[in-house]
Amino acid sequence: MFDNLKLPFLCYNLVHRIKMKNLENNFDVIVIGGGPSGMMVAGRAGERGLKVLLLEKNKQLGDKLKITGGGRCNITNAEPDKEKFLSHYGQSKDFLYSAFSQYGVKDTFSFFESRGLPLVVEARQRAFPKTQKAEDVFKVLEKYLKKNRVTIKTGVRVSRLKASGGIIQSVVADRKTYEAKAVVLATGGLSHPETGATGDGFSWLADLGHTVKQPTPDIVPLSVREKWVKDLSGVSLSFMKITFFLDNPSTSLRASKKAFSKTGKILFTHFGLSGPLIMNSARAVKDLLRAGVVTAQIDLYPDTDLGTLDKNLIKIFDQNKNRDLKNIIKDFTPDGLDKTVAGLLKDIDLNKKVHSVTVDERKQIGQLLKALPLTITGLLGFDRAVVSDGGVVLTEIDMRTMRSKLYDNLYITGDLLNINRPSGGYSLQLCWTTGFVAGDNILAS
């Protein structure tokens with residue numbers, strides 16, 4: 001039994017611990033996910049004077065941000081025309097006007113440059129930090145959180161959200177319960193699983209009754225069947241045209257039908273094709289693969305028609321009449337492709353003299369240069385994806401505030417939203433925009 005001296009002390013200690021526990025949970029906002037949109041939400045909410053708790057399951061914030069753009073961080077795209085900019089989000093465009101009116105590309109430039117990180121604009125209007133370091137982008141956000149007194153807890157794994165009566169009541173993490181007036185889900189998509197991306201947010205949202213489109217790799221390289229492509233691993237072609245065809249087995253003719261073409265840089269890899277041109281084509285190719293067999297042709301001279309190319313070949317042949325054909329292939333192929341082209345000219349004797357090449361054989365060479373054949377076997381997985389698609393359908397989100405229409409105190413940002421977009425800065429801009437808008441509107445009324 002406690003003596004009279006110990007009892008008051010124990011009672012005081014118990015009351016103090018209860019008060020401290022309540023104080024720990026006395027937050028205005030809980031943000032789950034310490035990626036780009038999560039840090040922006042937390043920082044902006046804190047800037048408005050709200051008490052913010054940021055929970056991140058990794059040991060540190062911003063793991064995925066630090067590797068974006070090959071470690072350089074393509075912060076945004078500097079396209080000045082809002083209409084043209086938003087057109088890159090496809091069918092989601094009409095949902096985004098309000099959000100981008102509140103926070104757009106110019107605001108992103110201002111945000112980082114006013115905090116000592118100037119940006120530079122490169123090819124295709126892609127904007128990077130002048131330092132060319134993604135780590136510096138993270139440091140700006142880290143200071144933003146610190147300045148606005150955001151409480152950060154890392155290494156905390158959220159297991160579920162408790163809800164009742166259209167309100168998120170609490171967040172359960174590591175056997176602890178956190179409460180706040182509002183909760184923000186900013187856990188990101190499934191790309192780059194090496195950074196801890198597991199798609200938890202999608203599961204929680206589905207459990208809460210939201211309609212969630214199943215995520216799949218989106219901006220991702222393509223795998224091909226042909227060995228010659230893999231033999232070129234590391235070779236890049238700066239200005240090439242690739243055309244994709246669909247062979248639909250449900251049609252009686254079984255003829256390949258042209259689907260679409262794109263021109264740009266192509267990178268050959270040990271698994272197939274990569275580079276911005278290829279990865280930005282992946283979503284459309286994915287749809288084609290669902291319908292049938294997909295083949296492709298690479299045009300090595302997209303700005304030269306077949307007739308003009310033939311005339312160019314005639315000139316080269318006339319200048320090298322007495323040489324072996326195999327020794328002049330490099331004179332009419334892009335750097336690094338001479339052995340590949342030679343290997344594909346199976347019906348021509350490459351040991352013959354150039355003056356012995358027939359008209360039909362010369363034209364066959366020209367046709368090959370305009371249409372290197374490929375068979376697309378699939379898309380690579382989330383581990384190779386720059387961005388994955390899928391997420392909450394936008395009709396269930398108030399895009400003026402990023403608030404859920406099912407739960408009055410739940411906000412959803414970034415890659416958890418079902419918005420398709422290409423590479424080139426559009427994904428991170430979506431994070432900055434939705435993050436700021438959420439942070440600016442939480443508990444505003």
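All chains use their own residue numbering, which begins from 1 and follows the written sequence. In view of the model being predicted, local features appear only for residues whose pLDDT reaches at least 70, and side-chain atom pairs are presented and counted only at 80 or more, with totals across whole chains, interfaces and linings using the full set of residues. Working from all heavy atoms in the structure, the side-chain values ignore hydrogens and water.

### Quick word on unusual backbone geometry
(1) Moving on: Backbone geometry places C73, a non-glycine residue, at a positive phi of 70 degrees.
(2) Moving on: Elements are defined by DSSP. Helices are runs of H or I of four residues or more, strands are runs of E of two residues or more, and each kind is numbered from the N terminus. By the element assignment, C73 lies in the loop between strand 2 (52-56) and strand 3 (76-77).
(3) Moving on: Residue class for C73 comes out buried when judged on its relative accessible area of 0%.
(4) Moving on: Positive phi, normally seen in glycine, also occurs at R175, with a value near 65 degrees.
(5) Moving on: Secondary-structure assignment places R175 in the loop between strand 8 (167-173) and strand 9 (176-178). Partly exposed residues are those whose accessible area sits between 20% and 50% of the maximum for their type, while under 20% is buried and over 50% is exposed, using a 1.4 Å probe and protein chains only.

### Overview of the sheet that holds strand 3
(1) Moving on: Here, any two strands with at least 2 DSSP bridges between them count as paired. An order of 3-5-4 is seen for the three strands of this open sheet, with the pairing classed as antiparallel. The sheet is open, and its two edges are formed by strand 3 and strand 4 (119-121), each paired on a single side.

### Observations regarding the confidence of the model for the protein chain
(1) Moving on: Note: pLDDT gives the predictor's confidence per residue, expressed from 0 to 100. This prediction gives the protein chain a mean pLDDT of 88; 87% of its residues lie at or above 70.
(2) Moving on: Predicted confidence for residues 7-20 stays below pLDDT 50, and this span has two contacts to residues more than four positions away or in other chains.
(3) Moving on: Counted against residues more than four places away or in other chains, residues 191-197, with its pLDDT under 50, gives 26 contacts. Any two residues whose heavy atoms approach within 4.5 Å at even a single point are treated as in contact.

### A short note on the pattern of salt bridges
(1) Moving on: Salt bridge, as applied in this entry: a Lys or Arg side-chain nitrogen positioned within 4 Å of an Asp or Glu carboxyl oxygen. Counted by the stated rule, this structure contains 15 salt bridges.
(2) Moving on: Taking the shortest distance from any N to any O, the salt bridge between D331 and R323 comes out at 3.9 Å.
(3) Moving on: You can call R323 partly exposed: its relative accessible area is 36%.
(4) Moving on: Among the ionic contacts, a cluster of salt bridges with common partners joins R44, E47 and D440.

### Description of the packing of aromatic side chains
(1) Moving on: Centres within 6.5 Å make a pair out of two Phe, Tyr or Trp rings, where for Trp the six-membered ring is used; the pair is then stacked when the planes are under 30 degrees apart, edge-to-face when over 60, and tilted otherwise. Under the criterion given, the structure shown has 12 aromatic pairs.
(2) Moving on: A connected cluster of aromatic rings, assembled from ring pairs, spans F85, Y89, F100 and Y426.
(3) Moving on: Positioned above the aromatic ring of F27, the side-chain terminus of K51 is 5.1 Å from the ring centre. Either the NZ atom of lysine or the CZ atom of arginine qualifies as a charge over a ring when it sits within 6 Å of the ring centre and within 35 degrees of the ring normal.

### Describing helix 4 (residues 93-102)
Every α-helix carries 3.6 residues per turn, so stepping three or four residues along brings you back to the same face.
(1) Moving on: Where helix 4 is concerned, the buried positions are K93, L96, A99 and F100. The buried residues of helix 4 occupy an angular sector of 110 degrees when the element is viewed end-on, so they sit on one face. Structural note: helix 4 exposes D94 and S101 on the side pointing more than 90 degrees away from its buried face.
(2) Moving on: Where helix 4 is buried, its residues touch helix 3 (82-86) and helix 14 (426-441). Directions are taken from the helix axis to each C-beta atom, and the arc is the one they span.

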